[in-house]
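Understanding the architecture of this molecule
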Amino acid sequence: MSIHSGLASHVEEEGEILRRLNEATLHFQAGILGDTELLGLTHKQVKKSGKVLSEFLQNLLEAIDKPTGDATITFLVNCLRDGPKPMEDWKEDIHRLVNAIKTEKSDDANLSAIEDILALLNDDYSEGVRALYYR
Amino acid sequence: MPTFEYFESKVIDVETRIDWAVDVLSGLPSGTHPEVVKVISQLISRINHQVSLLKKLLQTQRASYLPRIRIDYQTIEADLEKISTALLVPLLSEGSKEKALTPILSRICQEAGLQHIKDTLVMLGAPPATLPVAHECPIFCMPYEVTHSFRDWPALYHEAGHVFFSVNRRRYLDSLLTAIRNHFRRIVLATGPMAEPAKSERLRAIRSAENYWTDVRVEELFCDCFAGYCLGLSYAFLWTDLSFRWYSSPQEINLSDDHPPPSARFNCIWYCLPRSLKLDGCGQIIKSIWDAYLTGTVPASSSDPLQVNYDIACSPEAIQTLAETSLDILRNTATVPQYDGSIPTPEQALALKPFEPLTKLLNAAMAVLLLRPESYRGFQDRLLKELIQNQS
């Protein structure tokens, strides 16, 4: 059996999550930078982006302490655990971002936690796409 | 990070390729696999939407948007790759052989309880695989020789398992991953008092074993259960053969392979078989072939502390946990039938007609090959010819 089948589903699902989070980050960022009109975004879209990001980050925080059946979240928790940055620092950064989103007091700089998480997800997604189409 | 100029150029390149895909689609004869065409059209519209946003982002010239632009561009390229490699290649290479096999694949899907499947698309010239990209029309890859040999046909039931899994992937993964995580948590709790550093080492080994079971590996093992459940011994026989062909260390854990090791897969398949099939004459032969194969192979090694330990990751209890959870999923899905019939004797097999269930035909083919090999060639030639003619 070729590798295609299970990997194709994994890549498909991971790609959807990556797209959703990247879009939410963009919309949220555009809100902070005052670019919503230029990008043709509505206030509702910006508001929704904060909700998407904070829900995802909350799930990630919960999974750090309690294992989950969500494959993407589990993958990210493993990456965070195996990386050089201490887990306590990750938790603190994620907490800070979630609070900033909730209180709508975020600035461009403190998006670094979600930027790093997106980069981890994107690395794995790119590896999957490469394995599917370039082997 | 590439510059705005680079992405501006790439947008032009992307637009050219979208136009090409649109041209190809408009040149297809009407009625060509509408489900696959629909998926391609949806991907094209998604890319168009992303390109339009990308152009606006590029106009801002804000460096803080570059990471967003990069991911957008990468996902656009992945969609284009999927269109050209995974979807258009099988669509454009479909000839008379592929068309003759399509109804048989649809029959496999129906018999395996995949009632949502309305159409299938076959691509010859590749190892057995499926791309469950179009919900109601999976794409099945098969080697050319399937028209002349039954050897790889049982693998299509594993592939049908992927199609089944894709319908409720998140739910099934949640059940399987939770079950395996709970299994390893029990192992941690059962670890008795130990002195450091042995304790840390033991906990590290358990964590590596737990992390080994990614979503892709868990899905692969589920599909083995699915095939063993639907097809019975014929699938277990394929696994002994595949292991002979490809593996000299069936217990070796290869982290670059998204499939679990062959021993774990065979044990899982065997666990899923009904007792009557394990006790069948062919079942006994397959088990003895497997045991003989194992005695001639390299056993699992756990000396490298950086390696995932097979005895922990694929212990009988871990495999049983995944097999039981998979069987629960299948038993709770009323549409998926279990193969629990008897294996035809060679005499019965030689008299079978192509309209019999494919599961029966494949188990009959295995019985003739194992019990009356001198009749196999004639049996296979006749049945495959009738099977393909009967469908076209």
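Residues numbered from 1 in each chain as written. Chains lettered and ligands numbered in written order. Predicted model: local features only at pLDDT ≥ 70, side-chain atom pairs only at ≥ 80, totals over all residues.

1. Some details on the overall build of chain A
Regarding its fold elements, chain A presents five helices and zero strands. Seen in sequence order, chain A has helices and strands lined up from the N terminus as α-α-α-α-α. Taken over the C-alpha atoms alone, chain A extends approximately 50 × 35 × 25 Å along its principal axes. Sequence separation of 24 or more characterises 65% of the internal contacts of chain A that already satisfy a separation of 6 or more. (Helix = DSSP H or I, 4+ residues; strand = E, 2+ residues; numbered from the N terminus. Contact = placed C-beta atoms within 7 Å.)

2. Observations regarding the interface of chain A and chain B
A common measure of how large an interface is: the accessible area buried when the components associate. Taken together, the 36 residues of chain A in the interface contact 42 residues of chain B. Those elements that provide at least two residues to the side of chain A that touches chain B are α1 (4-33), α3 (71-82) and α5 (112-133) of chain A. At 16 residues, α1(A) tops the list of elements feeding residues into the side of chain A that touches chain B. Partitioned by chemical class, the residues of the side of chain A that touches chain B number 14 nonpolar, 16 polar and six charged. (Nonpolar A, V, L, I, M, F, W, Y, C, P; charged D, E, K, R; others polar.)

3. As for the sheet that holds strand β1 (residues 121-124) of chain B
Residue and element names in this part refer to chain B. Sheet architecture is open: three strands sit in the order β1-β3-β2, paired in mixed fashion. For this open sheet the edge positions go to β1 and β2 (129-131), each flanked by a neighbour on one side alone. Averaged over all pairs of adjacent strands, the angle between strand axes in this sheet comes to 25°, irrespective of strand direction. In terms of strand pairing, β1 meets strand β3 (residues 139-142) through four bridges, oriented parallel. Residue pairing across strands places V122 opposite F140, the latter belonging to β3. Contacting β1 and β3, helix α4 (residues 96-111) crosses the sheet at an angle of about 130° to β1. (Pairing = 2+ DSSP bridges. Axes fitted to C-alpha atoms, helices over the stretch in contact; angles between N-to-C directions.)

4. Overview of the domain arrangement of chain B
One can read the domain layout of chain B as domain 1 (4-92), domain 2 (94-152), domain 3 (168-331) and domain 4 (344-392). Each of domain 2 of chain B and domain 3 of chain B has a C-alpha centre, and these two points are 27 Å apart. (Domains from an automatic or database assignment.)

5. Describing the nonpolar core
Core analysis: the biggest nonpolar cluster contains 138 residues, and B:Y157 and B:F226 have the highest contact counts within it. For this core, the element with the most residues is helix α8 (residues 215-231) of chain B, which contributes 11 residues. (Core = buried A, V, L, I, M, F, W, Y, C linked by C-beta atoms within 7 Å. Buried ≥ 20, exposed ≤ 12 C-beta atoms within 10 Å, placed from the backbone.)

6. Some details on the packing of helix α9 (residues 233-246) of chain B against helix α10 (residues 262-272) of chain B
Residue and element names in this part refer to chain B. Between α9 and α10, the least distance of the axes is 10 Å, while the angle of their chain directions is 165°. The angle between α9 and α10 places the two elements in the roughly antiparallel class. In terms of crossing hand, the pair formed by α9 and α10 is left-handed. Of the residues in α10, those in contact with Y235, A236, W239 and S243 of α9 are P262, R265, F266, I269 and W270. Its residues placed into classes, the contact of α9 with α10 shows seven nonpolar, one polar and one charged. (Parallel < 35°, antiparallel > 145°, perpendicular 65-115°, else oblique. Left-handed = near helix turned anticlockwise from the far one by under 90°.)

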